[in-house]
Amino acid sequence: MDQPSGRSFMQVLCEKYSPENFPYRRGPGMGVHVPATPQGSPMKDRLNLPSVLVLNSCGITCAGDEKEIAAFCAHVSELDLSDNKLEDWHEVSKIVSNVPQLEFLNLSSNPLNLSVLERTCAGSFSGVRKLVLNNSKASWETVHTILQELPDLEELFLCLNDYETVSCPSICCPSLKLLHITDNNLQHWTEIRKLGVMFPSLDTLVLANNHLNAIEEPDDSLARLFPNLRSISLHKAGLQSWEDIDKLNSFPKLEEVRLLGIPLLQPYTTEERRKLVIARLPSVSKLNGSVVTDGEREDSERFFIRYYVDVPQEEVPFRQRTCCCEGTFLHWT
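Description of the structure in this document.

Analysis parameters
Residues numbered from 1 in each chain as written. Predicted model: local features only at pLDDT ≥ 70, side-chain atom pairs only at ≥ 80, totals over all residues. Heavy atoms only, no water. Helix = DSSP H or I, 4+ residues; strand = E, 2+ residues; numbered from the N terminus. Buried < 20%, exposed > 50% of the residue type's maximum accessible area, 1.4 Å probe, protein only. Contact = heavy atoms within 4.5 Å. Areas by Shrake-Rupley, 256 points an atom, 1.4 Å probe, with all protein chains shown as cover. Axes fitted to C-alpha atoms, helices over the stretch in contact; angles between N-to-C directions. Parallel < 35°, antiparallel > 145°, perpendicular 65-115°, else oblique. Nonpolar A, V, L, I, M, F, W, Y, C, P; charged D, E, K, R; others polar. 1 Å grid on protein atoms, 1.4 Å probe; cavity = no way out; pocket = protein on both sides within 12 Å on 5 of 7 lines; lining within 4 Å. Points joined across faces, edges and corners; volume = space filled by probe spheres on them. Disulfide = S-S within 2.5 Å.

**Notes on the overall build of the protein**
Phase 1 of the analysis: What the protein contains, in helices and strands, is 10 helices and 15 strands.
Phase 2 of the analysis: Within the protein, the fraction of its 333 residues that count as buried is 48%.
Phase 3 of the analysis: Expressed as a percentage of contacts within the protein between residues at least 6 apart in sequence, the contacts between residues at least 24 apart total 71%.
Phase 4 of the analysis: Accessible area for the protein stands at about 15,900 Å²; split by element, carbon and sulfur atoms hold 50% of it.

What follows is the structure in structure tokens.
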């Protein structure tokens, strides 16, 4: 069924969270807030509002009465406005500026690329810690404005925005810990390295479905670019060389890696893929979502050495580490 057009945030809020549609419930995340009725707000006592509001796919185009938003939403901490028809950042600002406790905001699949985000509007987002802009086609100029005005931003989602390049702002964002930037077209490492400059405290980087073709960076430079990176997803990257896998060892704090669907691993069996990758990444404790146990790591080390024992010397992987295989220490160079 087609969604109505031209609906306000307040109109949808009143419809969805009226007692008829949203009865009183208890439990984690379901806290209901019914403040005292202000004058001139006959709907106030009739709404049961949780602290997490989900208003996706409702045809919202504008904010509505700001005083009503402030009266109803003073306690709201999470707001999902994805897949609506918001195209004016000023209307988004009117909503967000009246939700003072807001920490999570999802604006995915709204045509916000049709307007320019001014710093005065972005300032209303200052308390947001988690921001989702997937499939919003937000420009890097818009992202830069947001980063300047959100000093406590910890998680940012920029998936499906058709990025082919990354534009660095004049200042970095030291608060960001997690970046999802999947399903874009960031094929070259020269673009990915800019993310390290922008987000020096980055803990988790999700690059799935970007077809990254290689990791072209000196080892010492990688360590400086991503000194705090603990987890990286390269699912369906275009990596074709074992040297690219070895480069991951240069991230000093890396513990978790996702490497499914890359061309390099296609010729190998499922068992070979996992064991060969584990053997090459001695510090990684979780691969493709599964914990690497001590026993599995030992088995992988032994498998690695047996796998290459009959391979011509020139085809043996370039590595320099000591492996223990069935009581014998072997040094590969």
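**Quick notes on helix 1 (residues 9-16)**
Given 3.6 residues per turn, any residue in an α-helix points the same way as the ones three and four places further on.
Phase 1 of the analysis: Taken residue by residue, helix 1 has Phe9, Met10, Val12, Leu13 and Cys14 as its buried positions.
Phase 2 of the analysis: The inward-facing, buried residues of helix 1 contact strand 1 (7-8), strand 2 (52-54), strand 3 (60-62), helix 2 (66-72), strand 4 (78-80) and helix 3 (89-96).

**What to know about the packing of helix 9 (residues 270-280) against helix 10 (residues 294-308)**
Phase 1 of the analysis: Contact pair helix 9 / helix 10: the axes reach a minimum separation of 8 Å and the direction vectors enclose 100°. Overall, the two elements helix 9 and helix 10 adopt an arrangement that is roughly perpendicular. For the pair helix 9 and helix 10, contact is made by Glu272, Arg274, Lys275, Leu276, Ile278, Ala279 and Arg280 and by Glu296, Arg297, Ser300, Glu301, Phe303, Phe304, Tyr307 and Tyr308, respectively.
Phase 2 of the analysis: A per-class count over the contact of helix 9 with helix 10 returns 7 nonpolar, 1 polar and 7 charged.

**Description of the layout of surface pockets**
Phase 1 of the analysis: Taken as a whole, the second largest pocket spans an internal volume of roughly 190 Å³.
Phase 2 of the analysis: At 4 residues, the largest contribution of residues to the lining of the second largest pocket is made by helix 9.
Phase 3 of the analysis: Its residues assigned to classes, the lining of the second largest pocket shows 6 nonpolar, 4 polar and 2 charged.

**Side note on the state of the cysteines**
Phase 1 of the analysis: Applying the stated criterion across every chain yields a total of 0 disulfides.
Phase 2 of the analysis: The structure places no disulfide on Cys14, whose sulfur is separated from the nearest cysteine sulfur, that of Cys73, by 9.3 Å.
Phase 3 of the analysis: Here Cys14 falls in the buried class, since its relative accessible area comes to 17%.

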